[in-house]
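Observations on chain architecture
Residues per chain are reported as follows:
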Amino acid sequence: MLHTPIKWLGGKQRVAKEIVSLFPLEYGDYFEPFLGGGSLFLYHLQNAQHDQRKFFLSDLNKDIISWWNSVKTDVDALIDELRFIKSLYENHDDRKKNYQNLRSVFNLMSDYDTRRAAWFFFLVNTAFDGLSRYNKKGEFNAAFGGLSHSRHGEGLMRLTFDVPQDCLKNLSDLLSQFDVTFNCLDFQQVKSATGDLVVLDPPYVPFQGRKIDASSYNPQAFKLHNEVVEYCRKIDVTGGYFLLCNHFTEDLADEFSDAKFVLIRREHTKTFSGKSDSRQKTLEIFVRNFS
Ligand SMILES: C[S@@+](CC[C@H](N)C(=O)[O-])C[C@H]1O[C@@H](n2cnc3c(N)ncnc32)[C@H](O)[C@@H]1O
C-alpha cells in the first residue's frame with residue numbers, strides 16, 4: 001500500500017481506512033476539495049474498483065497542488081531537484097541554519113513549477129509538524145522541525161533529508177492509471193453533480209469544547225465552517241453524496257440534526273505537536289447524507 005510521502009498538518013493517514021469505510025459503495029465521480037497530503041484519496045484509490053470514475057482533487061494551497069501535479073507529470077525532474085536540495089541541506093553541519101537559508105531561496109521563486117514543488121516538499125517535510133504556513137507577504141515561514149522529530153536524542157548534525165524516490169515514482173505510476181485532476185481552488189468553486197461523492201476534510205474548528213463561544217476562536221475559521229455546512233447542504237439538494245469530517249462540536253451536530261443526515265462520533269487518540277508524549281483523546285464527527 002502506497003502512502004503519501006508528504007507530511008501534512010491534519011493528515012489522515014492513521015485513520016484513512018476507517019474514514020474510507022464510511023464512503024458509499026457506489027457513486028459517480030470522486031471529489032476531495034481539501035486534499036492536503038491526500039491520505040484519504042490515496043487509500044481509496046488503492047482499495048476500491050473505480051472503472052470509469054474521475055477524481056477531482058483540489059486545495060486552496062497552490063504549492064500542494066503544484067507538488068501533486070509535478071508528481072503526476074514530471075516526477076524524474078522532481079527527484080533530481082530533491083537530490084540537489086539534499087546535497088545543499090546536508091553540506092553544512094548546522095541544519096537549522098541550512099533550513100532557514102533554503103527557505104529564503106524558496107521564497108524568491110515566483111513560478112509554480114517543478115523546481116518550486118521540490119523545494120516545497122523539502123520544506124514541509126523538514127518544517128515543524130508538517131506545517132505549511134505563510135506570512136502576509138506570501139512567504140513560507142514555518143519553523144525548522146528537525147529537533148522535535150529527533151526521537152533518539154541525536155543532535156542537529158546527524159539529521160538527514162531522505163529523498164523518497166521509489167515512493168514518488170510509484171505514486172506517479174499509480175496516478176497515471178486513473179483519470180485524476182489536481183486544481184488549486186477554493187472549495188466553493190468545486191462543482192459536483194448528482195450521484196457524485198464529495199469528501200470534505202476542512203481544517204478543524206480550533207475548539208475542543210462542546211458548545212462554541214463565538215469569542216473563543218478564530219472568526220475566519222467560523223466563517224469557513226458556516227460555508228462548509230452550506231456547501232454540504234447544496235450537495236445534498238443536487239442529489240450528490242457528501243462525507244464531512246471534523247472535531248465534534250454541538251453546533252456542528254445541530255446543523256445536521258435533520259433525520260436524513262447520519263452523524264457518527266468516534267474517539268481518536270492524537271499526538272500533539274512539540275510534545276511527543278502528549279497524547280490526548282479527541283472526539284471526531286463524521287456527517288454523511290446517506291446510510
Ligand atoms: C485537514 S487538511 C486536509 C488533510 C488531508 N485530508 C490529508 O489527509 O492530508 C485541510 C486542507 O484544507 C485546505 N484549505 C483550507 N481552506 C480551504 C478552502 N477555503 N478551500 C479549499 N481548501 C482549503 C488546506 O490547505 C489544507 O490542505
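Note: the structure precedes this text.
Treat the numbers as computed from the prediction; the structure is a model and nothing was measured.

This brings us to the overall build of the chain. Of the regular secondary structure elements, the chain holds 9 helices and 7 strands. Of all 291 residues assigned to the chain, the portion counted as buried reaches 31%. Across the chain, contacts joining residues at least 24 apart in sequence account for 71% of those joining residues at least 6 apart.

With that out of the way, let us pick up the site of the ligand. Gly-10, Phe-34, Gly-36, Gly-37 and Ser-39 are the nearest of the 19 residues found near the ligand. Of the residues assigned to the shell around the ligand, the class counts are 8 nonpolar, 7 polar and 4 charged.

Following the sequence through the fold, Phe-23 ends up in the loop between helix 1 (16-20) and strand 1 (30-32). The exposure class assigned to Phe-23 is partly exposed, which follows from the 19 C-beta atoms found within 10 Å. Between the C-alpha atoms of Phe-23 and Ser-291, which are 268 residues apart in sequence, the distance is 9.5 Å. Setting aside its immediate chain neighbours within four residues, Phe-23 contacts His-44, Leu-197 and Leu-243.

Looking now at the packing of helix 4 (residues 75-89) against helix 5 (residues 95-106). At a minimum axis distance of 9 Å, the contact between helix 4 and helix 5 shows a crossing angle of 135°. With respect to helix 5, the axis of helix 4 lies oblique. Contacts from Ile-85, Leu-88 and Tyr-89 in helix 4 reach Arg-95, Asn-98 and Leu-102 in helix 5. Across the contact of helix 4 with helix 5, the residue classes tally to 4 nonpolar, 1 polar and 1 charged.

What follows concerns helix 6 (residues 114-126). With 13 residues, helix 6 should cover 18 Å at 1.5 Å per step; its first-to-last C-alpha distance of 18 Å lies within 8% of that length. The buried count for helix 6 comes to 10 of 13 residues, which makes it a mostly enclosed element. Contact partners of the buried residues in helix 6: helix 3 (62-73), helix 4 and helix 5.

Positive phi outside glycine occurs at Asp-51, with the angle close to 45°. Following the sequence through the fold, Asp-51 ends up in the loop between helix 2 (39-46) and strand 2 (54-59). Despite not being glycine, Asp-129 has its phi angle at roughly 60°, a positive value. Structurally, Asp-129 is set in the loop between helix 6 and helix 7 (165-176). Given 17 C-beta atoms within a 10 Å radius, Asp-129 is considered partly exposed.

Conventions and cut-offs
- Residues numbered from 1 in each chain as written.
- Predicted model: local features only at pLDDT ≥ 70, side-chain atom pairs only at ≥ 80, totals over all residues.
- Helix = DSSP H or I, 4+ residues; strand = E, 2+ residues; numbered from the N terminus.
- Buried ≥ 20, exposed ≤ 12 C-beta atoms within 10 Å, placed from the backbone.
- Contact = placed C-beta atoms within 7 Å.
- Near = placed C-beta within 6 Å.
- Nonpolar A, V, L, I, M, F, W, Y, C, P; charged D, E, K, R; others polar.
- Axes fitted to C-alpha atoms, helices over the stretch in contact; angles between N-to-C directions.
- Parallel < 35°, antiparallel > 145°, perpendicular 65-115°, else oblique.
- Expected span 1.5 Å × (residues − 1).

These results come straight from atomic positions and should not be treated as a statement about function.
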